[in-house]
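# Secondary and tertiary structure notes
Residues per chain are reported as follows:
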Amino acid sequence: MILVFLNSIRPHFINTLNILNSITLIRLVNALKLFSSFKIAILLKKPIHFGFPMALSIEPTTACNLGCPECPSGLKQFTRKTGNLTLELHQKIINESYKNLMYVNYYFQGEPYINPNLFTMISHSTSKNIFCSTSTNGHFLTDENCKKTIYSGLQSLIISIDGNSQESYVEYRKNGDLEKVKKGAKNLVNWKNKLKSKYPYIILQFLIVKTNEHLINEMKAFCDELGLNEFRIKTAQFYDFKNGNPLMPSNEQYSRYRKKKNGQYELKNKFKNQCWRMWSSCVITVNGEVVPCCFDKDAKYQLGMIKSKSLRRIWKSEDYTNFRSRILTNRNGVDICKNCSEGSEVWA
């Protein structure tokens with residue numbers, strides 16, 4: 001059961017061990033409740049649910065310094081308000097849920113390092129023995145931020161780099177500066193060495209699109225050059241994929257989609273009427289909206305507001321129960337599920 005969860009967040013083996021270190025008896029019992037109710041719900045096709053979230057994605061900010069072409073944050077295409085998560089709201093979230101939490105990912109949309117309180121938030125969670133991770137475009141890894149990252153206790157950091165030259169990098173990372181990202185990544189490695197810290201475990205994440213799919217071997221070498229811990233390939237999500245997209249990789253091995261005989265595209269995943277995420281975790285936006293998962297980028301399916309209700313009440317609410325019921329009976333009819341990458345990623 002724990003391995004099902006660990007597989008769903010795809011950590012490296014070292015990160016797996018550290019997540020296991022966050023397990024307490026209360027957290028273990030809670031995880032068993034979640035998994036057993038998940039299996040019963042699948043069997044009976046009813047939204048039976050025991051326990052509380054064992055993992056959260058918390059959004060530090062919706063702001064971003066880049067303008068990536070398939071990202072609603074970069075393109076400023078949200079209908080929800082742009083801003084930063086407050087310390088007060090973050091404290092409420094963690095204090096209400098830490099007894100059952102094993103993992104917090106400080107990322108949803110936006111660039112987390114834009115929030116000046118990011119390190120305080122991570123420190124609050126790590127003080128509760130919660131495994132913490134985040135993801136960055138790497139433009140804010142100054143000396144000060146590198147030291148704060150390490151002192152916060154952050155255990156896993158993804159740095160997204162999609163090319164090994166400014167020309168290939170900026171094809172997707174619009175307004176980005178590869179030299180600045182390289183300098184920041186090396187800076188963090190240097191500070192880890194200076195402070196004799198094993199963490200954060202640093203992953204170079206390579207979002208593969210048509211313009212860079214030929215660079216896989218070069219990017220592996222690039223990862224080694226920077227001194228990072230792991231190279232990881234991520235497939236690209238396209239919001240309008242039915243008729244193809246100019247950024248879709250030519251090699252379908254590196255795509256979430258496949259071309260049908262009629263020339264249109266479909267997601268590779270086979271849709272089963274089940275989803276472990278709906279039983280184990282949720283996403284909380286900067287404004288406190290609780291949404292089902294990271295594919296609800298504009299918070300269309302708001303299941304509650306944590307500012308006015310506890311996470312426990314929202315997690316057990318009629319709205320959440322009804323949403324889980326939809327997943328069990330007609331997941332293909334839920335639009336945010338139609339781009340789900342779970343089970344379709346490529347790992348190098």
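Shown above is the structure to which this text applies.
Everything in this summary refers to the structure shown in the same document. (Residues numbered from 1 in each chain as written. Predicted model: local features only at pLDDT ≥ 70, side-chain atom pairs only at ≥ 80, totals over all residues. Heavy atoms only, no water.)

### A look at the packing of helix α5 (residues 118-126) against helix α6 (residues 143-152)
Helix packing for two helices is described by the angle between their axes and how far apart those axes are. At a minimum axis distance of 8 Å, the contact between α5 and α6 shows a crossing angle of 15°. By the angle class used here, α5 and α6 are roughly parallel. The handedness of the crossing between α5 and α6 comes out as right-handed. Residue-level contacts link F119, I122, S123 and T126 of α5 to N145, K148, T149, Y151 and S152 of α6. In the contact of α5 with α6, the residues fall into three nonpolar, five polar and one charged. (Axes fitted to C-alpha atoms, helices over the stretch in contact; angles between N-to-C directions. Helix = DSSP H or I, 4+ residues; strand = E, 2+ residues; numbered from the N terminus. Parallel < 35°, antiparallel > 145°, perpendicular 65-115°, else oblique. Left-handed = near helix turned anticlockwise from the far one by under 90°. Contact = heavy atoms within 4.5 Å. Nonpolar A, V, L, I, M, F, W, Y, C, P; charged D, E, K, R; others polar.)

### Regarding helix α3 (residues 25-44)
The terminal C-alpha atoms of α3, which comprises 20 residues, lie 28 Å apart, in line with the 28 Å expected from a rise of 1.5 Å per residue. Phi for K45, located one or two positions after α3, is positive at around 60°. (Expected span 1.5 Å × (residues − 1).)

### Some words on the pairing of strand β6 (residues 230-235)
Among the six residues in β6, five count as buried, and that is most of the element. Two elements, strand β5 (residues 201-208) and β6, share six bridges in a ladder whose sense is parallel. For L204, the partnering residue across the bridge sits in β6 and is F231. In this fold, the crossover linking β5 to β6 by way of helix α9 (residues 216-226) has right-handed handedness. (Buried < 20%, exposed > 50% of the residue type's maximum accessible area, 1.4 Å probe, protein only. Pairing = 2+ DSSP bridges. Right-handed = clockwise from strand over helix to strand, strands pointing away.)

### Examining a nonpolar patch on the surface
Taken together, the side chains of I40, L43, L44 and F50 define a hydrophobic patch exposed on the protein surface, amounting to about 400 Å² of accessible area. Positionally, F50 belongs in the loop between α3 and β1 (55-58). (Patch = residues over 30% accessible without salt bridge, like charges linked within 9 Å, V, L, I, M, F, W, Y side chains within 5 Å. Areas by Shrake-Rupley, 256 points an atom, 1.4 Å probe, with all protein chains shown as cover. Salt bridge = Lys/Arg side-chain N within 4 Å of Asp/Glu carboxyl O.)

### Some thoughts on the sheet that holds β1
The strand order across the open sheet built from nine strands is β6-β5-β4-β3-β2-β1-β9-β10-β11, with neighbouring strands paired in mixed fashion. Since the sheet does not close on itself, it has two edges, and those belong to β6 and β11 (304-305), each with one partner. Sitting on the sheet, α5 is in contact with β2 (103-106) and β3 (131-136), with an inclination near 175° to β2.

### Some points on the packing of aromatic side chains
Note on aromatic pairs: each is described by the distance of the centres and the angle between the planes. As enumerated under the stated definition, the model contains ten aromatic pairs in all. Seen in terms of ring centroids, F35 and W276 are 5.8 Å apart; in terms of plane orientation they differ by 75°. Their pairing is edge-to-face. Separated by 241 residues along the polypeptide, F35 in helix α3 and W276 in the loop between β8 (265-267) and α10 (277-280) bring together distant segments of the chain. With a relative accessible area of 5%, W276 lands in the buried category. Here Y113 and F119 contribute two aromatic rings whose centre-to-centre distance is 5.7 Å and whose plane-to-plane angle is 75°, an arrangement assigned as edge-to-face. For the pair Y113 and F119, a shared accessibility class is recorded, and that class is buried. For the cation-ring pair, R324 lies above W279, with the distance from its terminal atom to the ring centre recorded as 5.9 Å. (Phe/Tyr/Trp six-rings, centres within 6.5 Å; stacked < 30°, edge-to-face > 60°. Lys NZ or Arg CZ within 6 Å of the ring centre and 35° of its normal.)

### Let's talk about the packing of helix α8 (residues 178-194) against α9
Running from amino to carboxyl end, α8 crosses α9 at an angle of 50°, the nearest separation of the two axes being 9 Å. Considered as vectors, α8 and α9 are oriented oblique to each other. On α9, the residues that touch L178, K182, A185, K186 and V189 of α8 are F222, E225 and L226. Partitioned by chemical class, the residues of the contact of α8 with α9 number five nonpolar, no polar and three charged.

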